[in-house]
There are 2 protein chains.
Amino acid sequence: MPENTPHLTDELRESPFMRACRRQPAPYTPIWLMRQAGRYMPEYREVRSRMSFLELCKTPDLAAEVTVTAVERLGVDAAIIFADILLIIEPMGIELGFAGGDGPVIHNPVRSSADVDRLREVDDIASLNFVFEAIRKTRQALAPGLPLIGFCGAPFTLASYIIEGGGSKNYINTKRLMYNDSGAWHAMMALISRALTKYLNAQVDAGAQAVQLFDSWVGCLSPDDYREYVLPHTQSVISSVAPGVPVLHFGTGTAALLELMREAGGDVIGFDWRVRLDQAWERVGHDVAVMGNLDPVSLFANVEHVRAEAKKILDYAAGRPGHIFNLGHGILPETPVANVMALVERVHEG
Amino acid sequence: MPENTPHLTDELRESPFMRACRRQPAPYTPIWLMRQAGRYMPEYREVRSRMSFLELCKTPDLAAEVTVTAVERLGVDAAIIFADILLIIEPMGIELGFAGGDGPVIHNPVRSSADVDRLREVDDIASLNFVFEAIRKTRQALAPGLPLIGFCGAPFTLASYIIEGGGSKNYINTKRLMYNDSGAWHAMMALISRALTKYLNAQVDAGAQAVQLFDSWVGCLSPDDYREYVLPHTQSVISSVAPGVPVLHFGTGTAALLELMREAGGDVIGFDWRVRLDQAWERVGHDVAVMGNLDPVSLFANVEHVRAEAKKILDYAAGRPGHIFNLGHGILPETPVANVMALVERVHEG
């Protein structure tokens, strides 16, 4: 195997998920679910009853355990390492906490050019060793044929958290910095992007077979703003991932950004449920794989509805190689586990 | 003048706004702004310091005053009556309140088929006389050439409030009812639509020259769900507005719904900022007028940025008759008034 993908065995290479990333035919449509190891699962809530969210992220044995448990329980076709997109901002000098409901709180948000200057370059990614250790342990514990996905937040989404100090409704501070001081904005995005490049490649070295960029909040931008303020940075991260490692590029609210996200890069473009999969795939081009796109709220309906909606999406994919089934965003905390299992079963039926 | 548009003088008919609604050339691009009489205005805050939001809505003299003050202060090309989209749900038997931050709270949300059965048909629209009285007073106080826009929430957005009991992040209750009990869903949407038809036409009778449907939250739906659960109802409201009265049909997060919104109807389709105006206009067709679409957050940047963004949108409209300038959503509470005035000035420069 090539040096860039140190853990890619033949069995992993030929797994349905990895074949779909390369747009090769697979025996069935592979499925995994964003936040598949989340709060909707009793096993996860049990572990969390003993520690905080951040402690869990920083305890490799347990992060590996919840990662593997979810995969085994659901029978999905890929694992994604249990971690948080904001872990990378701590070595930048950002003070991160999580409030009761798991919402992130940043105690020293960046608001000005001077604040940007104070951000620390992430020269040494070793401060995130707990993530790489969790990946190593997960890789050892996982069935040998099951791919493990590493991930990071995309530069825009991370910048929006760092600037707003948490979640945001309107992204006023983020856009104000972007519009009024584009020099500081681009400097910050470049610093974040350099850190992400190191972070993703270290996850690959530790045992991830693919990586995903989550640009969860990029849908708040106009297409022109995306092109000017975001695209070059996302592109630089994606193009710096080790060759041979599939990159999944996901965002929500991106119905008008799909062509630009494709331009930014990725072997697999992830959609939310607001677009029709056939139309979205046509727009990004059939020479790229796609991922999606069941509305996570569909899982709150009855099983018949879940099965019918899964079928509809499979029909839109029309058996074209290169479709990875997923939700259009993360599983919601109150989702009935039985419905999630019914979904996985239905997708595997084809 | 035709009987259906009792207050349409020649002067109003030939105003830039009304001409744009009919896609006729106007001397300059008309502009008005959603929530132009809102909290960002000191004059409005002064009135509000004396009473609650609902009291203001129900006091015709003052509702007319804030409506007219905003128009005169900003120099915009249309007034929109000061009111709230949720006023219409009170005569349905829904108990409505507004919490401190002006967020609506519904004390008896609809969750089941039995709850839907308990909703009251709005046979007599006279319980909303305070709105019609505010329209009459506004029409008298406004410059005779300035059109007055009446409005309502679109059926989906109203249903989502009635079901969720307020704002929502994921619309779980709304979609659960929609998916699991489509009979109850359609019955509720039909009842809302019948009420809206009466409500809009009564606003026209009282003095409105045009009406707008706000489908603010419809962007949470997939295109297939929009077609099945929403489109027929919105269509029935729009098609029942008195002939000769332009209907503006607006939503946010609708980048994948534009063709379907056009199908549902409207003389003017309103976009948010997430789509490029030229591309969106192409998609809905040049045989309909359009409204939009500056990001409300752009108004938090410096004046040069505001002017440049306004110019960009005017360029996308390319001088084609039928463009009404607006924000992509309502003005935000902390918006600097000076920037709003600079925007109006820049749009009028052409």
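Residues numbered from 1 in each chain as written. Chains lettered and ligands numbered in written order. Predicted model: local features only at pLDDT ≥ 70, side-chain atom pairs only at ≥ 80, totals over all residues. Heavy atoms only, no water.

Asks: Outline the overall build of chain A, supporting the account with residue identities and numerical values.
Replies: Counting its secondary structure elements, chain A contains 15 helices and nine strands. In terms of C-alpha radius of gyration, chain A reaches 19 Å, essentially the compact-globule figure of 20 Å for 350 residues. Along the first, second and third principal axes, the C-alpha atoms of chain A reach 55 × 45 × 45 Å. Split into buried and exposed, the 350 residues of chain A put 62% on the buried side. For chain A, long-range pairs separated by at least 24 residues make up 72% of all intrachain contacts whose partners lie at least 6 apart in sequence. When the accessible area of chain A is evaluated, it comes to approximately 12,200 Å², of which 49% is carbon and sulfur surface. (Helix = DSSP H or I, 4+ residues; strand = E, 2+ residues; numbered from the N terminus. Rg over C-alpha atoms; globule rule 2.2 N^0.38 Å. Buried < 20%, exposed > 50% of the residue type's maximum accessible area, 1.4 Å probe, protein only. Contact = heavy atoms within 4.5 Å. Areas by Shrake-Rupley, 256 points an atom, 1.4 Å probe, with all protein chains shown as cover.)

Asks: Describe helix α7 (residues 129–141) of chain A, and please don't skip the residues or the numbers.
Replies: All names here are of chain A. Taking 1.5 Å of rise per residue, 13 residues should cover 18 Å, and α7 covers 18 Å from first to last C-alpha, within 8% of that figure. Residues of α7 that are buried: F130, V131, F132, A134, I135, T138 and R139. Residues of α7 that are buried make contact with α1 (10–13), α4 (53–57), α5 (60–74), β4 (148–153) and α10 (182–206). (Expected span 1.5 Å × (residues − 1).)

Asks: Any details on unusual backbone geometry? Residues and values, ideally.
Replies: Note: most residues except glycine have negative phi, and most peptide bonds are trans. Residue and element names in this part refer to chain A. Going from G292 to N293, the amide bond is cis rather than trans, its omega being -5°. Phi at R35 is positive, roughly 60°, even though this residue is not glycine. Tracing the sequence through the fold places R35 in the loop between α2 (16–21) and α3 (42–48).

Asks: Give me the environment of T59 of chain A: which residues, what numbers.
Replies: In this fold, T59 of chain A is placed in the loop between α4 and α5. A C-alpha to C-alpha distance of 9.0 Å links T59 of chain A and E133 of chain A, two positions 74 residues apart in sequence.

Asks: Can you lay out the relation of the copies chain B and chain A for me, pointing to particular residues and giving the numbers?
Replies: Of the transformation placing chain B onto chain A, the axial shift is 0.0 Å and the rotation is 180°, giving an RMSD of 0.0 Å. Both chain copies can therefore be described as sitting about a two-fold axis. For chain B, the smallest separation between a C-alpha atom and the rotation axis is recorded for A255 of chain B, amounting to 2.8 Å. Mapped onto chain A, 100% of the interface residues of chain B are again interface residues, and the two copies thus contact each other with one and the same surface. (Least-squares fit on C-alpha atoms with pLDDT ≥ 70 in both.)

Asks: Can you explain the layout of surface pockets? Please cite residues and give values.
Replies: Of the pockets and cavities examined, the second largest pocket occupies roughly 560 Å³. Lining the second largest pocket are 25 residues, with A255 and R283 of chain A together with A255, E259 and R283 of chain B positioned closest to its centre. Elements with a minimum of two residues in the lining of the second largest pocket: α11 (223–239), α12 (258–264) and α13 (277–284) of chain A together with α11 (223–239), α12 (258–264) and α13 (277–284) of chain B. Tallied by class, the residues present in the lining of the second largest pocket amount to 12 nonpolar, two polar and 11 charged. (1 Å grid on protein atoms, 1.4 Å probe; cavity = no way out; pocket = protein on both sides within 12 Å on 5 of 7 lines; lining within 4 Å. Points joined across faces, edges and corners; volume = space filled by probe spheres on them. Nonpolar A, V, L, I, M, F, W, Y, C, P; charged D, E, K, R; others polar.)

Asks: Go over the pattern of salt bridges, please, and point to the residues and values.
Replies: For the structure shown, the criterion picks out 43 salt bridges over all chains. With its nearest N and O atoms 2.6 Å apart, the salt bridge here joins D295 of chain B to K175 of chain A. Within this pair, whereas D295 of chain B is found in the loop between β8 (289–294) and α14 (303–317), its partner K175 of chain A is found in helix α9 (residues 172–180), the two belonging to separate chains. For the pair shown, D295 of chain B and K175 of chain A are each scored as buried. Among the salt bridges present, the one from D315 of chain B reaches K311 of chain B, with a minimum N-O distance of 2.8 Å. (Salt bridge = Lys/Arg side-chain N within 4 Å of Asp/Glu carboxyl O.)

Asks: How would you explain the packing of aromatic side chains if you had to name every residue and give the values?
Replies: All names here are of chain A. Within this structure, the stated rule accounts for 16 aromatic pairs over all chains. Ring centres of F214 and F250 lie 5.9 Å apart, and the angle between their planes is 75°; this geometry places the pair in the edge-to-face category. Remark: F250 occurs in strand β6 (residues 247–251) and F214 occurs in strand β5 (residues 210–215); sequence separation between them is 36 residues. In this structure, F214 and F250 share a single accessibility class: buried. (Phe/Tyr/Trp six-rings, centres within 6.5 Å; stacked < 30°, edge-to-face > 60°.)

Asks: Lay out the sheet that holds β6 of chain A with the relevant residues and their values.
Replies: All names here are of chain A. Strand order across the open sheet formed by seven strands is β1-β4-β5-β6-β7-β8-β9, with parallel pairing between neighbours. One side of each edge strand has no neighbouring strand; the edge strands of this open sheet are β1 (79–80) and β9 (323–327). Pairing of β1 with β4 involves two bridges; the strand directions are parallel. Bridged to A79 within β4 is L148. Where α10 meets the sheet, its contacts fall on β4 and β5, and the angle it forms with β4 comes to roughly 170°. (Pairing = 2+ DSSP bridges. Axes fitted to C-alpha atoms, helices over the stretch in contact; angles between N-to-C directions.)

Asks: Help me get a handle on the nonpolar core, residues and values and all.
Replies: Judged by nonpolar contacts, the single largest core of 152 residues is most densely connected at F17, W32, I88, I89, M92, M188 and L343 of chain A. Setting aside its immediate chain neighbours within four residues, I89 of chain A contacts I94, L96, I106, L158 and I162 of chain A. (Core = buried A, V, L, I, M, F, W, Y, C linked by side-chain atoms within 4.5 Å.)

Asks: Which residues make up the sheet that holds strand β5 (residues 210–215) of chain B, and what values do they have?
Replies: As summarised here, the arrangement of the seven strands in space is β1-β4-β5-β6-β7-β8-β9 (chain B), forming an open sheet in which the pairing is parallel. Looking at strand neighbours, the two that pair on one side only are β1 (79–80) and β9 (323–327) of chain B, the edges of this open sheet.

Asks: I'd like a description of the environment of I192 of chain A, backed by residues and values.
Replies: All names here are of chain A. Mapped onto the secondary structure, I192 falls in helix α10. In this structure, the C-alpha to C-alpha distance between I192 and T234, residues 42 residues apart in sequence, is 10.0 Å. Setting aside its immediate chain neighbours within four residues, I192 contacts M92, P155, L158, A159 and I162.

Asks: Tell me about the confidence of the model for chain A, and name the residues and values.
Replies: A low pLDDT score tells you not to read the predicted coordinates there in detail. Confidence along chain A averages 96 in pLDDT terms, with 98% of residues attaining 70 or more. Here the predicted complex scores 0.96 on pTM and 0.96 on ipTM. (pLDDT = per-residue confidence, 0-100.)

Asks: Please set out the packing of α13 of chain B against α14 of chain B residue by residue, giving values where relevant.
Replies: All names here are of chain B. In the contact formed by α13 and α14, the axes pass within 8 Å of each other and the chain directions differ by 30°. Between α13 and α14 the crossing geometry is right-handed. Seen from α13, the contacting residues are L277, D278 and W281; seen from α14, they are I313, Y316 and A317. Residues belonging to the contact of α13 with α14 are distributed by class as follows: five nonpolar, no polar and one charged. (Left-handed = near helix turned anticlockwise from the far one by under 90°.)

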